[in-house]
Every structure is written in C-alpha cells, then in structure tokens.
Amino acid sequence: FFFSSRRRHTRLQGDWSSDVCSSDLFQMVSPEEAARITANSKNPYNASKGPAFFYGDTVYFITGALNTEVAFHEFSHPLVRTILKTNPALFDKLVKEALTAERSLLDKAVNEYSDLKEAVEAETDPVAKRALIEKLQSVVAEEILVKALTQTAIDKANGFETKAPLAKAVKE
C-alpha cells in the first residue's frame, strides 16, 4: 500500500478557544438519528457499522454503546486528521512506525472499509478506479493510526506497560 496524504478542512490551531464547546465535539444519538444524519453521505450509518462514528467534525456515539475503547477510537480521528493536515510528513512517519510495530493493523484497517475495497474491485472505469484507490489508501492510513493510538491509550489507561504501536510516540 502506498499512503498518500490528503488535505481536509480543519479548524485553525488558534480557533479553538472561543467558539468550540463540548456539544460541538460529540453527540449521543439513536441508531435512527445516526442513519438520518448520514443519509446523504457516501457512507451512511447502519447498525452493523458499530457503536460510534466521526462525521462532519463531530463524534457521534450511539446511545447505550459508549465505552472507553470506543471513545478513544472516535476521538483519535480528529487528532489524526489534524496531524495529516498540519504535518503530512509526520503522519506518513507515524503510519510507517505503526505498521512496523504491528503489521496486522493494515489488515484490520482494510477490513473496516471492505465496502470501499469491493467498490474498487468492481470499478471498471480507470479514472474512477484510481480515485477509489486513493480514497481507500487515505482512509486505511487514517484507520491504522487511529487503531494504533487507541490500543496505546487503552494500555496506558489500564496502567499496562505498553508495547502497542506508537507507544514511544505517545510517551514522548
């Protein structure tokens, strides 16, 4: 897999103090509300997608399904996207470090996007196929870092001496 950096709108670093409150960062929703929120997206929510999702700069948790691992995972998405936006070289370095520490992260991340992988395999138009491949590479790279950060954070929260991917980076 070749991981290319992608650009995305993110709030400016100095823009957080006055206009962001906790309701901007996350919301608790029912599965039905989650489906309505994402109805017009390319990847609408359904119950098989799990207990939470990150969409439109907000983390959404399905009511009754919140736990520590889910919270760490979903709040890692905006952090990882900020690293990508502000320092693509660091992003690429962290992805490589995570994969060096735990190669299985690649398969786990690809499995999260099996529907996109299937779309790539089914696409016959070369231009559209290339766009889908780039999207798949981008979301898989993000998911690798999110999974690595989540695993490291869970280990640290539980007081374990962590050997998780990115443990050194989180410690520093």
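Here goes a summary of the coordinates provided. Keep in mind the model is a prediction, meaning the values are calculated, not measured. (Residues numbered from 1 in each chain as written. Predicted model: local features only at pLDDT ≥ 70, side-chain atom pairs only at ≥ 80, totals over all residues. Heavy atoms only, no water.)

## Considering the overall build of the chain
Spelled out, the test is: Strands are runs of DSSP state E lasting at least 2 residues, helices are runs of H or I lasting at least 4, and numbering of each runs from the N terminus. Each residue is placed in one exposure class: buried if its accessible area under a 1.4 Å probe, protein chains only, is under 20% of its type's maximum, exposed if it is over 50%, and partly exposed if it falls in between. Residue contacts follow a heavy-atom distance rule, with two residues in contact if any of their heavy atoms lie within 4.5 Å. Computed with the Shrake-Rupley method and a 1.4 Å probe, the accessible areas treat only the protein chains shown as cover for residues.
The number of helices and strands found in the chain is nine helices and three strands. Along the chain, helices (α) and strands (β) appear in the sequence α-α-β-α-β-β-α-α-α-α-α-α when read from the amino end. Put simply, the chain has 172 residues, and 37% of those count as buried. The contacts of the chain with a sequence gap of at least 6 include a subset with a gap of at least 24, amounting to 59%. Accessible area of the chain: about 10,500 Å², with a carbon and sulfur share of 54%.

## Description of a nonpolar patch on the surface
Rules: Patch construction takes residues with relative accessible area above 30% that form no salt bridge. Like charges are linked within 9 Å, and nonpolar side chains (Val, Leu, Ile, Met, Phe, Trp, Tyr) are linked within 5 Å. By salt bridge we mean one thing: a side-chain nitrogen of Lys or Arg within 4 Å of a carboxyl oxygen of Asp or Glu.
Together, Leu 25, Phe 26, Met 28, Leu 66 and Phe 75 line one region of the surface with nonpolar side chains, adding up to about 410 Å² of accessible area. Accessibility expressed as a relative area gives 37% for Met 28, which makes it partly exposed.

## Quick word on the pattern of salt bridges
Counted under the stated rule, the structure contains six salt bridges. Of the charged contacts, one joins Glu 143 and Lys 147 as a salt bridge, the two residues approaching to 3.7 Å between their closest N and O atoms. Placement of the pair is Glu 143 and Lys 147 together in helix H8 (residues 126–157), with a separation of four residues, close to one helical turn. Lys 147 matches Glu 143 in its accessibility class, with the two residues each being buried. Linked by salt bridges that have partners in common, Glu 112, Glu 143 and Lys 147 make up one network.

## Digging into the pairing of strand E3 (residues 58–62)
Applied cut-off: Any two strands with at least two DSSP bridges between them are considered paired.
Of all the five residues making up E3, five are buried; the element is thus mostly covered by neighbouring parts of the structure. Because side chains alternate across E3, one face comprises the buried residues Thr 58, Tyr 60 and Ile 62, and the other comprises Val 59 and Phe 61, equally buried. Direction of pairing for strand E1 (residues 26–29) relative to E3: parallel, over a ladder of four bridges. Opposite Val 29, over in E3, you have Ile 62 as the bridge partner. Pairing of strand E2 (residues 52–55) with E3, which is carried by four bridges, proceeds in the antiparallel orientation. Each bridged residue has a counterpart across the sheet, and for Ala 52 the counterpart in E3 is Phe 61.

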